[in-house]
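# Survey of secondary and tertiary structure
Read off the chains here:
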Amino acid sequence: MSEPIRVVDLENGAVAIAGRPILRGIDLAVGAGEFVALMGANGSGKSTLVRALTGLLPLTTGTLELFGTRVDQFHEWQRIGFVPQRTGAAGGVPASVWEVVASGRLTRRRLLRPLSRRDRASIDEALAVVGLSDLAKDGVSNLSGGQQQRVLIARALAGEPELFFLDEPNAGVDLPNQHALADSLGELKRRGATIVLVAHELGPLASLVDRAVVMRDGRVAYDGEPLGDHEVHNPDFGEAHAHHHHRPQARHDHTPEVQSPLDAGSRRERPR
């Protein structure tokens, strides 16, 4: 069997903020088509790691490759979709659901050019995947927190990414919307997208996860088979589970259909 294609490959990664070490000695590889849950307690470094993997935070040491290219030479950011923690999908600007999702097409067309037929089809498809077609004309500010989170996912999806990073999509979301999020991400997984999900607890998303990576004190404490929320947050977790290097799973035999720009505004978010 040929070596699985790695879409993310980080070796001996470290990140320091204002001179204070946050991440140390991180080795992480993600294979095409994997659904990886990045878990751990608040302050363990998981959101900081995602920002490093998406180029939003520089490494102090180590090497990072995305789709086989060193991050400092990587320019195909439209292949990556980043969904930050929900802070208000409209960003305080009055906008409809359709308009916010349409902004996900910005790196797929020239500035100031009108939307093409393909652009509109991609926007409509993204809304359908997250189950918000009926609310396309509604104002985003009128939606529930869970619905706003789905708008952010649709915005990323509209850009047709192959690799998704989602930072705590279930945070502050009620159970019905958690199930709706699970349905949306399940559809992306069936299409062959690679997904890295930051989560404190998985809830309805647990059945989608192929692999768990657990952070503790800025290091990877575990990398292997999926774990239950109760296992991850057990005080004795570090003693009960030994970290082991994980090889990415073999690539799925279906081609990813989904690509999106990183959210530029997230570059100014405070790392967690």
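A few points on the structure. (Residues numbered from 1 in each chain as written. Predicted model: local features only at pLDDT ≥ 70, side-chain atom pairs only at ≥ 80, totals over all residues. Heavy atoms only, no water.)

## Digging into helix α3 (residues 117-129)
The end-to-end C-alpha distance of α3, which contains 13 residues, comes to 18 Å, matching closely the 18 Å that a straight helix rising 1.5 Å per residue would cover. The inward-facing, buried residues of α3 abut α2 (97-102), α4 (145-158) and α5 (175-190). The positive-phi residue at the C-terminal boundary of α3 is Gly131, with phi of around 75 degrees. (Helix = DSSP H or I, 4+ residues; strand = E, 2+ residues; numbered from the N terminus. Expected span 1.5 Å × (residues − 1). Contact = heavy atoms within 4.5 Å.)

## Details of the sheet that holds strand β5 (residues 69-70)
Spatial strand order, β2-β1-β4-β5: 4 strands in an open sheet with antiparallel pairing. Of all the strands in the sheet, just β2 (20-31) and β5 have a single pairing partner and so form its edges. Bridge analysis of strand β1 (residues 6-17) against β2 gives 8 bridges, and the strand direction is antiparallel. Across the sheet, residue Arg6 finds its bridge partner in β2, namely Gly31. Relative to β2, helix α1 (residues 46-53) is tilted by about 65 degrees, and along the sheet it contacts β1, β2 and β4 (61-66). (Pairing = 2+ DSSP bridges. Axes fitted to C-alpha atoms, helices over the stretch in contact; angles between N-to-C directions.)

## With respect to α5
With 16 residues, α5 extends 22 Å from end C-alpha to end C-alpha; this agrees with the ideal 22 Å at 1.5 Å per step. Turning to α5, its buried residues number three or more, namely Asn177, Gln178, Ala180, Leu181, Ala182, Ser184, Leu185, Gly186, Leu188 and Lys189. Buried residues in α5 make contact with β3 (35-39), α3, α4, β7 (163-167) and β8 (194-199). The N-terminus of α5 is capped by Asp174, whose side-chain oxygen sits 3.0 Å from the backbone nitrogen of Asn177. Two residues or fewer past α5, Gly192 is found with a positive phi of approximately 95 degrees. (Buried < 20%, exposed > 50% of the residue type's maximum accessible area, 1.4 Å probe, protein only. Polar contact = N/O pair within 3.5 Å; in protein donor to acceptor, adjacent residues only side chain to side chain.)

## Examining the packing of aromatic side chains
By the definition in use, this model includes 2 aromatic pairs. A ring pair is formed by Phe67 and Phe74, whose centres lie 6.1 Å apart and whose planes are at 10 degrees; its orientation type is stacked. A ring pair is formed by Phe74 and Trp77, whose centres lie 5.0 Å apart and whose planes are at 90 degrees; its orientation type is edge-to-face. Members of the aromatic cluster, joined through ring pairs, are Phe67, Phe74 and Trp77. Lying across the ring of Phe67, Arg79 places its NZ or CZ 3.9 Å from the centre. (Phe/Tyr/Trp six-rings, centres within 6.5 Å; stacked < 30°, edge-to-face > 60°. Lys NZ or Arg CZ within 6 Å of the ring centre and 35° of its normal.)

## Quick notes on the sheet that holds strand β6 (residues 80-83)
With mixed pairing, the 6 strands of this open sheet are ordered in space as β6-β7-β8-β3-β9-β10. The open sheet has two free edges, formed respectively by β6 and β10 (219-224), since each of these has just one partner strand. Averaged over all pairs of adjacent strands, the angle between their axes in this sheet comes to 15 degrees, without regard to strand direction. Where strand β9 (residues 211-216) meets β10, 5 bridges bridge the pair, whose relative direction is antiparallel. In the strand pairing of β10, Val213 is matched with Asp223. Each of β3, β7 and β8 is contacted by α5, which is oriented at about 150 degrees to β8, the strand it contacts most.

## Details of the packing of α4 against α5
Here α4 crosses α5 at 15 degrees, and the two axes come no closer than 9 Å. Between α4 and α5, the crossing angle belongs to the class labelled roughly parallel. Note that α4 runs across α5; the crossing there is right-handed. Where α4 approaches α5, its residues Gly146, Gln147, Gln149, Arg150, Ile153 and Leu157 are matched on the opposing element by Asn177, Ala180, Leu181, Leu185 and Leu188. A breakdown of the residues in the contact of α4 with α5 according to their chemical character gives 6 nonpolar, 4 polar and 1 charged. (Parallel < 35°, antiparallel > 145°, perpendicular 65-115°, else oblique. Left-handed = near helix turned anticlockwise from the far one by under 90°. Nonpolar A, V, L, I, M, F, W, Y, C, P; charged D, E, K, R; others polar.)

## Quick notes on the environment of Gly218
On the secondary structure map, Gly218 appears in the loop between β9 and β10. Residue classification places Gly218 among the buried positions, given a relative accessible area of 2%. A sequence separation of 175 residues divides Gly218 from Gly43, and the C-alpha atoms of the two residues are 8.3 Å apart. Every residue in contact with Gly218, bar those within four places of it in the chain, is listed here: Ile22, Leu23, Arg24, Ile26 and Ser44.

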